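Structural features, examined
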Amino acid sequence: MELFPLIEKSSIQDIKTFQEEKLHGLLQYLEMNSPFYQKLFKENNIQVSEIQTLEDLQKIPTTSKNDIQQNNDDFFCVPQNQIVDYSTTSGTLGDPVTFGLSEKDMERIAYNEAISLACAGIQKGDVVQMITTIDKRFIAGLAYLLGLRKMGASVIRMGPGIPELQWDSIFRYKPKYLITVPSFLLKMIDYAEKHGIDYKSSSVIGAVCIGESIKNQDFSDNILSQKIKEKWDIKLFSTYASTEMSTAFTECEFQIGGHQHPELIIAEILDEEENPVNEGESGELTITTLGVEALPLLRFKTGDLVKAHYEPCECGRNTMRLGPVVGRKQQMIKYKGTTLYPPAMNDILNDFDGILCYQIVIQSNEIGLDEIIIKLSTEREDESFEGEVRDHFRAKLRVSPKIEIVAFDVLSKTVFNPNSRKPINFLDLR
């Protein structure tokens, strides 16, 4: 298969024309097969034949996760007997949202991951260790496995956790790349140092990092990435994806944002009034999936606030690139006049040595205002540590949250929940 699609290096206008042709096909497909979008088109007097350009998408109302949760079955465009895999993602109303994949959709996610991982530098014949779950109805691990197989790489399906077993596998099978939540790399390094493992001489040269940001908005390494690289000289690549998108935005070797795959997804960045933001501004990523058969989405608001970058990349691709997620729209915190997002607080906590794990808890106090509680497990025993953390927050973010020291065996059960594929470092109880 072609791991470097020519459309990604075509001109901006050719990419736009290509996507508009794909959009026409999607709209006709939805009009014929999607009960939800049939109703949406009818209620809003939308004639799909009048949607000719990407700009015309603004004539169509957006869709949210709440819509999918309340009308889950109506989003399916194929009968149940054509669904070959079921995945779920968290819902806004408590119950998970179900996504089904047809055989064609399975081929599509394999293609997506193959070209995405190739973008990061993985090649046919490379050995890749997956430190990600492939069960519990998560789509990510399945997508990585299918993509690596499609591109001709060898796969070590390790799953998350157990540093001892990860190192045993690394020295036994000599993987070139890891796919992992980046904070787990620090746990692997800590285990290696405590047990005399010469991890710096291992076969690993890079890691594709999922679930957590490793970059600042200017694409410099954030604190988490710096702490990993100070210990272990490997390349770290960002990738951003979701179950709803069935598509990944992955960095190339120049690491200035995750590249869009124009044959798989249309991306809009919208402001609070659902208008396109000006270039250089952040807004809510809103996506339209291309080539999805079972549950395609049209103008789906992801809830993630991002900034798009359009200047050509040195790798030769002319596709739009996404910067690090600024925050989730629903996770915005108003605290004593200051607007905060969890990633900024993660950076501060990752800056401290001695924190074993942490969780940021947001709740409403008795008068309805946001309250921040930072729960920490630490190996430090000095009484000044709590004050140091609070002072650091005050200096960096101009806020002073409540700090609670919690025993590691208690807090770790909440943070490293076996039903979650990444650490639960943020809990919103509002």
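Everything numeric here is computed off the predicted structure, so don't read it as measured data.

Observations concerning the overall build of the chain
Counting its secondary structure elements, the chain contains 11 helices and 20 strands. Here the C-alpha atoms of the chain give a radius of gyration of 22 Å, agreeing with the 22 Å that 2.2 N^0.38 yields for 430 residues. Projected onto its principal axes, the C-alpha coordinates of the chain cover approximately 70 × 60 × 45 Å. In the chain, which comprises 430 residues, the proportion classed as buried is 52%. Sequence separation of at least 24 residues holds for 66% of the intrachain contacts in the chain that already meet a minimum separation of 6. When the accessible surface of the chain is summed, it comes to about 19900 Å², and 48% of that surface belongs to carbon and sulfur atoms. Within the chain, the 63 negative side-chain charges are centred at a point lying 3 Å from the centre of the 46 positive side-chain charges.

Some remarks on the nonpolar core
Counting residues in hydrophobic clusters, the biggest one holds 41 residues, and the most contacted among them are Leu23, Phe41, Ile60 and Leu298. Elements with a contribution of two residues or more to this core: helix H1 (12-33), helix H2 (35-43), strand S2 (97-101), strand S10 (265-270), strand S11 (282-289) and strand S12 (300-309). Apart from the residues lying within four places of it in its own chain, the contact partners of phenylalanine 41 are Leu27, Leu30, Glu31, Ile46, Val48, Ile60 and Leu298.

Here we look at the environment of proline 163
Among the secondary structure elements, proline 163 is positioned in helix H6 (residues 163-173). Residues proline 163 and leucine 185, spaced 22 residues apart in sequence, show a C-alpha to C-alpha distance of 9.0 Å. In contact with proline 163, not counting residues within four places along its chain, are Phe184, Lys187, Met188 and Tyr191.

Considering the sheet that holds strand S20 (residues 426-428)
Read from one edge of the open sheet, four strands run S19-S18-S17-S20, paired in mixed fashion. Every other strand in the sheet has two partners, leaving strand S19 (402-405) and S20 as the edge strands with one partner each. Taking the axes of each pair of neighbouring strands and ignoring which way they run, one obtains an average angle of 20° across the sheet. By the bridge criterion, four bridges tie strand S18 (residues 370-378) to S19 in an arrangement that is parallel. Its bridge partner being in S19, isoleucine 373 is matched across the sheet by lysine 402. Against the sheet, helix H11 (residues 408-415) contacts strand S17 (355-364) and S18, and its axis sits at roughly 65° relative to S17.

Digging into unusual backbone geometry
Most peptide bonds take the trans form, and the phi angle of most residues other than glycine is negative. With a phi angle near 75°, phenylalanine 219 is a residue other than glycine that sits in the positive phi range. Within the fold, phenylalanine 219 resides in the loop between strand S6 (206-209) and helix H8 (223-231). With a phi close to 50°, glutamine 255 is a non-glycine residue in the positive phi region. Relative to the helices and strands, glutamine 255 is located in the loop between strand S8 (247-251) and strand S9 (258-259). Accessibility expressed as a relative area gives 16% for glutamine 255, which makes it buried.

Side note on H11
Within the sequence span of H11, burial applies to Leu411, Ser412 and Val415. In an axial view of H11, the angular spread of the buried residues amounts to 105°, which keeps them on one side of the axis. Across H11 from its buried face, at more than 90 degrees, point the exposed residues Val410 and Lys413. Buried residues in H11 make contact with S17 and S18.

Describing the pairing of S18
As defined by bridge partners, S17 adjoins S18 across nine bridges and the pair is classed as antiparallel. Paired with glutamine 359 across the strands is lysine 375, a residue of S18. For the crossover that starts at S18, traverses helix H10 (residues 384-397) and ends in the parallel S19, the hand is right-handed.

Side note on the packing of helix H9 (residues 342-350) against H10
Helix packing geometry: the angle between the two helix axes and the distance between the axes. Contact geometry of H9 with H10 gives a least axis separation of 10 Å together with a crossing angle of 135°. Relative to H10, the element H9 is oriented oblique. Between H9 and H10 the crossing geometry is right-handed. Only Val389, His392, Phe393, Lys396 and Leu397 of H10 make contact with H9, whose side of the interface consists of Ala344, Met345, Ile348 and Leu349. Looking at side-chain class alone, the contact of H9 with H10 contains seven nonpolar, one polar and one charged residues.

Quick look at the packing of aromatic side chains
Taken as a whole, this structure holds 10 aromatic pairs when the rule is applied. Seen in terms of ring centroids, phenylalanine 36 and tyrosine 37 are 5.1 Å apart; in terms of plane orientation they differ by 85°. Their pairing is edge-to-face. Across the pair, exposure class does not vary: phenylalanine 36 and tyrosine 37 are buried alike. For the pair tyrosine 37 and phenylalanine 75, a centre-to-centre distance of 5.6 Å together with 85° between the ring planes defines the contact as edge-to-face. With tyrosine 37 in helix H2 and phenylalanine 75 in the loop between helix H3 (65-70) and strand S1 (85-89), the pair connects residues that are 38 residues apart, well separated along the chain. Residue tyrosine 37 shares its accessibility class with phenylalanine 75, and that shared class is buried.

A few points about the side chain of histidine 309
Tracing the backbone through its elements, the reader meets histidine 309 in strand S12. With relative accessibility at 13%, the residue histidine 309 sits in the buried group. Sequence-distant contacts of histidine 309, that is, excluding residues within four places in its chain, are made with Phe219, Thr319, Met320, Arg321 and Gly323.

Digging into the pattern of salt bridges
Under the counting rule described, the total for this entry stands at 24 salt bridges. With a shortest N-O distance of 2.8 Å, lysine 215 and glutamate 251 are connected by a salt bridge. You can see lysine 215 sitting in the loop between S6 and H8 and its partner glutamate 251 sitting in strand S8, a full 36 residues away along the chain. Across the pair glutamate 268 and arginine 299 runs a salt bridge whose closest N-O atoms are separated by 3.0 Å. You can see glutamate 268 sitting in strand S10 and its partner arginine 299 sitting in the loop between S11 and S12, a full 31 residues away along the chain. Given the relative accessible area of 11%, glutamate 268 is considered buried.

Thresholds, definitions, all that
The residue count restarts for each chain, going from 1 along the sequence in the order it is written. Owing to the predicted nature of the model, reporting of local features is limited to residues with pLDDT of at least 70; listing and counting of side-chain atom pairs is limited to 80 or more, with chain, interface and lining totals taken over all residues. The basis for the side-chain values is all heavy atoms of the structure; hydrogens and waters are excluded. Helix and strand definitions follow DSSP, with helices as H or I runs of at least four residues and strands as E runs of at least two, each counted in order from the N terminus. In this description the radius of gyration comes from C-alpha coordinates, and the expected globular size is given by 2.2 Å times residues to the power 0.38. Only protein chains enter the area calculation, which uses a 1.4 Å probe; residues under 20% of their type maximum are buried, those over 50% are exposed, and those in between are partly exposed. Whether two residues are in contact is decided by their heavy atoms, any of which lying within 4.5 Å being enough. Only the protein chains shown count as covering a residue, and every accessible area follows the Shrake-Rupley method with a 1.4 Å probe. We treat Lys and Arg as the positive residues and Asp and Glu as the negative residues; His and chain ends play no part in the count. Where a charge lies is defined by one atom per residue type, namely NZ (Lys), CZ (Arg), CG (Asp) and CD (Glu). For this analysis, a nonpolar core means a set of buried residues of the types Ala, Val, Leu, Ile, Met, Phe, Trp, Tyr and Cys, connected via side-chain atoms within 4.5 Å. Pairing between strands requires that DSSP locate at least two bridges from one strand to the other. Every angle, taken between N-to-C directions, lies between 0 and 180 degrees, and every axis is a line fitted to C-alpha atoms, over only the stretch in contact when it is a helix. The arc in question is formed by the directions pointing from the helix axis toward the C-beta atoms. We call a crossover right-handed when, viewed with the strands running away from us, the connection from the first strand over the helix to the second turns clockwise. The cut-offs work like this: below 35 degrees is roughly parallel, past 145 is roughly antiparallel, 65 to 115 is roughly perpendicular, and the gaps in between are oblique. Two helices cross in a left-handed way if the nearer one is turned anticlockwise from the farther one by less than a right angle. They cross in a right-handed way if the turn is clockwise. In this classification, Asp, Glu, Lys and Arg are treated as charged, Ala, Val, Leu, Ile, Met, Phe, Trp, Tyr, Cys and Pro as nonpolar, and every other residue, Gly included, as polar. Pairs were defined over the aromatic rings of Phe, Tyr and Trp, the Trp ring being its six-membered one, requiring ring centres within 6.5 Å. Orientation was assigned from the angle between planes: stacked under 30 degrees, edge-to-face over 60, tilted for the rest. In what follows, salt bridge is the name for a side-chain nitrogen of Lys or Arg lying within 4 Å of a carboxyl oxygen of Asp or Glu.

Geometric values such as these leave the question of function open.
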